[in-house]
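Coordinate inspection notes
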Number of protein chains: 2
Amino acid sequence: MRVGFIGLGVMGANMARHLANAGQLTTIWNRTRATADELGQALGVPVADSPAALAKSCDVIITCVSADKDILEMIDAIAPELTDQHTVIDTSTVGADTAEIIGERLAKTKTAFLDAPLTGGSEGAEAGTLVVMVGGDEAVLDAMRPALEPFSSRISYFGPVGNGQRAKAVNQVIVAGIVQAVSDGLSFAAASGLDTDELLPVLIGGAAGSRLLERRGARLLENDFAPGFKLALHHKDLLLCQRLLKGLDVSLPTVEMTIKHYERLMADGYGEEDITALYRLKRALFETGNQRSL
Amino acid sequence: MRVGFIGLGVMGANMARHLANAGQLTTIWNRTRATADELGQALGVPVADSPAALAKSCDVIITCVSADKDILEMIDAIAPELTDQHTVIDTSTVGADTAEIIGERLAKTKTAFLDAPLTGGSEGAEAGTLVVMVGGDEAVLDAMRPALEPFSSRISYFGPVGNGQRAKAVNQVIVAGIVQAVSDGLSFAAASGLDTDELLPVLIGGAAGSRLLERRGARLLENDFAPGFKLALHHKDLLLCQRLLKGLDVSLPTVEMTIKHYERLMADGYGEEDITALYRLKRALFETGNQRSL
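Residues numbered from 1 in each chain as written. Chains lettered and ligands numbered in written order. Predicted model: local features only at pLDDT ≥ 70, side-chain atom pairs only at ≥ 80, totals over all residues. Heavy atoms only, no water.

1. Examining the overall build of chain A
A tally of regular secondary structure across chain A gives 13 helices and eight strands. For 294 residues, the compact-globule estimate of 2.2 N^0.38 gives 19 Å, and chain A sits close to it at 21 Å. Its C-alpha atoms put chain A at 65 × 45 × 35 Å along the principal axes. Expressed as a percentage of the 294 residues in chain A, the buried residues total 59%. For chain A, the proportion of contacts with a sequence separation of at least 24, taken over those separated by at least 6, is 66%. Counting only carbon and sulfur atoms, one obtains 49% of the accessible surface of chain A, whose full area is about 11100 Å². Across chain A, the centroid of the 27 positively charged side chains sits 2 Å from that of the 37 negatively charged ones. (Helix = DSSP H or I, 4+ residues; strand = E, 2+ residues; numbered from the N terminus. Rg over C-alpha atoms; globule rule 2.2 N^0.38 Å. Buried < 20%, exposed > 50% of the residue type's maximum accessible area, 1.4 Å probe, protein only. Contact = heavy atoms within 4.5 Å. Areas by Shrake-Rupley, 256 points an atom, 1.4 Å probe, with all protein chains shown as cover. Lys, Arg positive; Asp, Glu negative; His and termini not counted. Charge placed at Lys NZ, Arg CZ, Asp CG, Glu CD.)

2. Remarks on the packing of aromatic side chains
The final tally for this structure, using the stated rule, is two aromatic pairs over all chains. The ring of Tyr270 of chain A has Arg280 of chain A sitting right over it, with the charged end atom 3.9 Å from the ring centre. (Phe/Tyr/Trp six-rings, centres within 6.5 Å; stacked < 30°, edge-to-face > 60°. Lys NZ or Arg CZ within 6 Å of the ring centre and 35° of its normal.)

3. Quick look at the UniProt feature "domain: 3-hydroxyisobutyrate dehydrogenase-like NAD-binding" (unreviewed entry) in chain A
This chain's UniProt record puts "domain: 3-hydroxyisobutyrate dehydrogenase-like NAD-binding" (unreviewed entry) on residues 162-281 of chain A. Taken end to end, residues 162-281 of chain A is 72% helix and 0% strand, and its two terminal C-alpha atoms sit 34 Å from one another. (UniProt positions renumbered as here; feature names shortened; annotations may be inferred.)

4. Section: the pairing of strand 7 (residues 130-134) of chain B
All names here are of chain B. Most of strand 7 sits out of view: five of its five residues are buried. A two-sided burial pattern is seen for strand 7, the buried positions comprising Leu130, Val132 and Val134 on one face and Val131 and Met133 on the other. Summarising the sheet, strand 6 (residues 118-119) and strand 7 pair through two bridges and their orientation is antiparallel. Directly across from Leu118, in strand 7, lies its bridge partner Val132. In this sheet, strand 8 (residues 152-157) lies alongside strand 7 in parallel orientation, the contact comprising five bridges. Looking at strand 8, one finds that Val131 is bridged to Arg154. Regarding the hand of the β-α-β motif, the stretch spanning strand 7, helix 7 (residues 138-148) and strand 8 is right-handed. (Pairing = 2+ DSSP bridges. Right-handed = clockwise from strand over helix to strand, strands pointing away.)

5. Quick word on the packing of helix 8 (residues 163-191) of chain B against helix 13 (residues 278-288) of chain B
All names here are of chain B. One can describe the packing of helix 8 onto helix 13 by two numbers: an axis separation of 9 Å at closest approach and a directional angle of 40 degrees. Considered as vectors, helix 8 and helix 13 are oriented oblique to each other. Of the two possible hands of crossing, helix 8 and helix 13 adopt the one that is right-handed. Residues Val179, Gln180, Ser183, Asp184, Leu186, Ser187, Phe188, Ala190 and Ala191 of helix 8 pack against Leu278, Tyr279, Lys282, Arg283 and Phe286 of helix 13. (Axes fitted to C-alpha atoms, helices over the stretch in contact; angles between N-to-C directions. Parallel < 35°, antiparallel > 145°, perpendicular 65-115°, else oblique. Left-handed = near helix turned anticlockwise from the far one by under 90°.)

6. Structural notes on unusual backbone geometry
Looking along the chain, the bond that leaves Pro227 of chain A and enters Gly228 of chain A is cis, with omega of 0 degrees. A positive phi is found at Asn223 of chain B, a non-glycine position, where the angle reads about 55 degrees. Mapping Asn223 of chain B onto the fold places it in the loop between helix 10 (211-221) and helix 11 (231-247). Located in the positive-phi region is Asp249 of chain B, a residue other than glycine, with phi close to 65 degrees. For Asp249 of chain B, the position within the fold is in the loop between helix 11 and helix 12 (253-267).

7. A few points about the UniProt feature "active site" (unreviewed entry) in chain A
Residue and element names in this part refer to chain A. Those residues carrying the UniProt feature "active site" (unreviewed entry) are Lys168 in this numbering. As for its placement among the helices and strands, Lys168 is situated in helix 8 (residues 163-191). If sequence neighbours within four positions are ignored, Lys168 has contacts with Thr93, Pro117, Leu118, Thr119, Met133 and Asp237.

8. Digging into helix 12 of chain B
Over its 15 residues, helix 12 of chain B extends 21 Å from the first C-alpha to the last, a length consistent with the 21 Å expected when each residue adds 1.5 Å. For helix 12 of chain B, the complete set of buried residues consists of Thr254, Val255, Met257, Thr258, Ile259, His261, Tyr262 and Leu265 of chain B. The inward-facing, buried residues of helix 12 of chain B contact helix 8 and helix 12 (253-267) of chain A together with helix 8, helix 11 and helix 13 of chain B. Trailing helix 12 of chain B by a residue or two, Gly269 of chain B shows a phi angle of about 90 degrees, which is positive. (Expected span 1.5 Å × (residues − 1).)

What follows is the structure, encoded as structure tokens:
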């Protein structure tokens, strides 16, 4: 199995490193060439001259890019080289519809395709403990496990192409609700003059407990919003959720509200902060005491 | 220390049992006499003829009732017997303002008062692992620990009378957000045709993870809404939160929305179910596919 990796951002670079350490990485490519050169040198892996050249020298192509547009452009770039000997695995978080379009397009050359978005964030990528949510043919997934296991702690299969993205969307909808809950509660606590050091363990230990509160509650209260999971990325993901929900003719108020809140924070320059920067908005609400401001 | 216990519902009966087992229970009283007689017999503890009689034979009076009105009536009933030798500890979840009114009233007879609402639910009461959030004089709390420890795993102090209730309110606001998040996510997953058995551990293990999802996610998906934490009680608590928030001139959309959703479910006869019965409403939303129905 010759694995090529396209898209060496924070996530991709760490995933590529774990693949290289497992002896499972043949070549890499990145839009910014310098990034690829530096990583290639560090890992002892050659950098391909183009996505097409990477496709020519590999049979498994893993992509990790930012948006629907990016993955569609990448598929355009590699398509001429793809055959029935290739498998493409897209680990980006994009629309389920985009995944389905790619799956159909690659079917023309009998190229296998898996949509395989991730949870676990930059920490999970660094530790090689990502969770992979996979849509596509299950036999293809089973054959591809050696290309996924080096950077993951769990690989879950959800059925046809697009369902990996659907599973990821459910995750992101719940995360929106939880970041709202945590921000509401802790801003309420601070505005009530409660000792939050005393309160946090009470909340964490009971029905109000969540992983987000555990990991970020104390930092949020100190106005430390270093990512973590970037607000602008969660915003992008929630737009994908909104699109999927619209397809089901449903609007979820928490999703709509969180998108609106994030847009306000992004306009104020906080898009690169952790999602818990939502607390900024809630604290301002309690400070201004305006019943209509959120 | 002679401890009397008033209010022997599911919570109170279990708390009284733990006190009796620790040799810390002198007498009990309950509005429905038969309940008190039965428990008194089981625990080998005498039943007082009235709240006033209980107050006369004890120096610590623990109350565990349902609503503001109930605790105010109870204070009326015991007030004539209270002296500077008494301490009253109210473990009910009531308004912070109600706790403050009681504190001021008891100050007239120099009777010590702690507001001490609980989290951990009926399971916590049964296991004796409740968390107690205390407002009042810290020296009084320290003297009262032997009367609280038998049924609790943690006793947290939050400052003046009323702050126990404020801490509990924060907890309940977060629980509202979490039950919304879990219900949104799992109804979205089911409507998307995802394998929820495969999805649940993914969600629980990542940023979407919460205690509620862990404890109730699988049961909710099987439409098992046996309490747990009764929806009608959480509704009552959220009205208290709403009152506190209004005092801060703030309205939190998630709190408002959850109150509205619970009222619809209570009107349909689901008030005695677990809070996760919110899933009923969300599932109906996805089934009818009406963008305006929630």
